[in-house]
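Residues per chain are reported as follows:
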Amino acid sequence: MAGSGAPTLNLDGAGLRITIVSASWHDEILGGLNAGARRALEAAGVEYDEIRVAGSFELPVVCQAALEAGADAVVAIGVILRGETPHFDYISDAATTGLTQVTLQTGKPVGFGVLTIDTEQQGLDRAGLPGSKEDVGAEAAQAAIDSALTLRALAARGAGAPAGFSAR
């Protein structure tokens, strides 16, 4: 949701339970991303918890477990910094593909807050820290909330909501 044209979402997440699943590499950037996710969840009145994993490769399996344990959505937070080997490509692909599979297999949202960056400064610029240009953690949390609310409204419509009912 970066850049101009990003939506303004007015979210009431009361009654939602969301888990932030965060990798453990690049503490300063992750600290900002996690703080942004927390701020967005708190502003929306969401009940949340947090789980740390070793790295971005581990995000999909733990996100899936959190969703299967009852979370309405998860926010996946990670930082993958390009190095001198193809490792970046493999981990970026595995995390992205894995998280996509998790959301499709569980039918529940995954807010995507995984940064794939060439330099540490790019991460700092997106981490929601003082002086950052973006707050990807907050954006990922807002996307997860919005999707969970949309799915809830669709389920209500399928359960007999009146014609013309809108998810928004």
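These numbers were taken from a predicted model, which means no experiment stands behind them.

**Examining the sheet that holds strand E1 (residues 17-22)**
Alright, step 1. Read across the sheet, 4 strands follow the order E2-E1-E3-E4 without closing on themselves; strand pairing throughout is parallel. If you trace the sheet from one side to the other, it starts and ends with strand E2 (47-52) and strand E4 (110-117), each paired once. Taking the axes of each pair of neighbouring strands and ignoring which way they run, one obtains an average angle of 15 degrees across the sheet.

**Section: the nonpolar core**
Alright, step 1. Core analysis: the largest hydrophobic core is formed by 29 residues, its most contacted members being Ile18, Ile29, Leu33, Val75 and Ile145.
Alright, step 2. Taken together, the elements giving at least two residues each to this core come down to E1, helix H1 (27-43), strand E3 (73-81), E4 and helix H5 (136-158).
Alright, step 3. Take this core: its biggest share by element is 8 residues, from H5.
Alright, step 4. Filtering out sequence-adjacent residues up to four positions away, leucine 33 remains in contact with Ile77, Gly78, Val79, Gly113, Leu115, Arg126, Ala127, Val136 and Gly137.
Alright, step 5. Core analysis: the second largest hydrophobic core is formed by 17 residues, Val21, Leu59, Cys63 and Val110 among them.

**A word on the environment of glycine 13**
Alright, step 1. Note that glycine 13 resides in the segment before E1.
Alright, step 2. Separated by 132 residues in the primary sequence, glycine 13 and isoleucine 145 have C-alpha atoms spaced 6.4 Å apart.
Alright, step 3. Here glycine 13 is in contact with Ala44, Gly45, Val46 and Ile145, once residues within four sequence places are set aside.

**Quick word on the pairing of E2**
Alright, step 1. Both E1 and E2 contribute to a ladder of 6 bridges, which runs parallel. Bridge assignment links isoleucine 18 to a residue of E2, and that residue is tyrosine 48.
Alright, step 2. A crossover links E1 with its parallel partner E2, the connecting element being H1, and its sense is right-handed.

**Thoughts on the packing of helix H2 (residues 59-68) against helix H3 (residues 87-106)**
Alright, step 1. Where H2 contacts H3, the two axes come as close as 8 Å, and the packing angle between them is 20 degrees. In terms of orientation, H2 and H3 fall into the roughly parallel class. With respect to the hand of their crossing, H2 and H3 are arranged in right-handed fashion. Residues Leu59, Pro60, Cys63, Gln64, Leu67 and Glu68 of H2 form the contact with H3, whose own contacting residues are Ala94, Ala95, Gly98, Leu99, Val102, Gln105 and Thr106.
Alright, step 2. Considered class by class, the residues forming the contact of H2 with H3 number 8 nonpolar, 4 polar and 1 charged.

**Considerations on H5**
Alright, step 1. Taking 1.5 Å of rise per residue, the 23 residues of H5 would be expected to cover 33 Å, and the 33 Å separating its terminal C-alpha atoms lies within 8% of that figure.
Alright, step 2. Listing the buried residues of H5 in full gives Val136, Gly137, Ala138, Glu139, Ala140, Ala141, Ala144, Ile145, Asp146, Ala148, Leu149 and Ala153.
Alright, step 3. At its buried positions, H5 is contacted by E1, H1, E3, E4 and helix H4 (120-126).

**Digging into the pattern of salt bridges**
Alright, step 1. This model, assessed by the stated rule, comprises 6 salt bridges.
Alright, step 2. Arginine 38 is the salt-bridge partner of glutamate 50, the closest N and O atoms lying 2.7 Å from each other. Of this pair, glutamate 50 sits in strand E2 while arginine 38 sits in helix H1; the two residues are 12 residues apart in sequence, bridging distant segments of the chain.
Alright, step 3. Arginine 82 is paired through a salt bridge with aspartate 118; the nearest N and O atoms lie 2.6 Å apart. On the criterion of sequence distance, the pair formed by arginine 82 in the loop between E3 and H3 and aspartate 118 in the loop between E4 and H4 is long-range, its members being 36 residues apart.
Alright, step 4. Taking relative accessible area as the criterion, aspartate 118 reaches 42% and is therefore assigned partly exposed.
Alright, step 5. Three or more residues joined by partner-sharing salt bridges are found here, namely Arg82, Asp89 and Asp118.

**Considerations on the packing of H1 against H5**
Alright, step 1. Direction vectors running N to C along H1 and H5 enclose 40 degrees, while the axes themselves pass 6 Å from each other. By the angle class used here, H1 and H5 are oblique. The way H1 lies across H5 gives a crossing that is right-handed. Contact with H1, carried on its side by Leu33, Gly36, Ala37, Ala40 and Leu41, involves Val136, Gly137, Ala138, Ala141, Gln142 and Ile145 of H5 and no other residues of that element.
Alright, step 2. A per-class count over the contact of H1 with H5 returns 8 nonpolar, 3 polar and no charged.

The rules we used
- Residues numbered from 1 in each chain as written.
- Predicted model: local features only at pLDDT ≥ 70, side-chain atom pairs only at ≥ 80, totals over all residues.
- Heavy atoms only, no water.
- Pairing = 2+ DSSP bridges.
- Helix = DSSP H or I, 4+ residues; strand = E, 2+ residues; numbered from the N terminus.
- Axes fitted to C-alpha atoms, helices over the stretch in contact; angles between N-to-C directions.
- Core = buried A, V, L, I, M, F, W, Y, C linked by side-chain atoms within 4.5 Å.
- Buried < 20%, exposed > 50% of the residue type's maximum accessible area, 1.4 Å probe, protein only.
- Contact = heavy atoms within 4.5 Å.
- Right-handed = clockwise from strand over helix to strand, strands pointing away.
- Parallel < 35°, antiparallel > 145°, perpendicular 65-115°, else oblique.
- Left-handed = near helix turned anticlockwise from the far one by under 90°.
- Nonpolar A, V, L, I, M, F, W, Y, C, P; charged D, E, K, R; others polar.
- Expected span 1.5 Å × (residues − 1).
- Salt bridge = Lys/Arg side-chain N within 4 Å of Asp/Glu carboxyl O.

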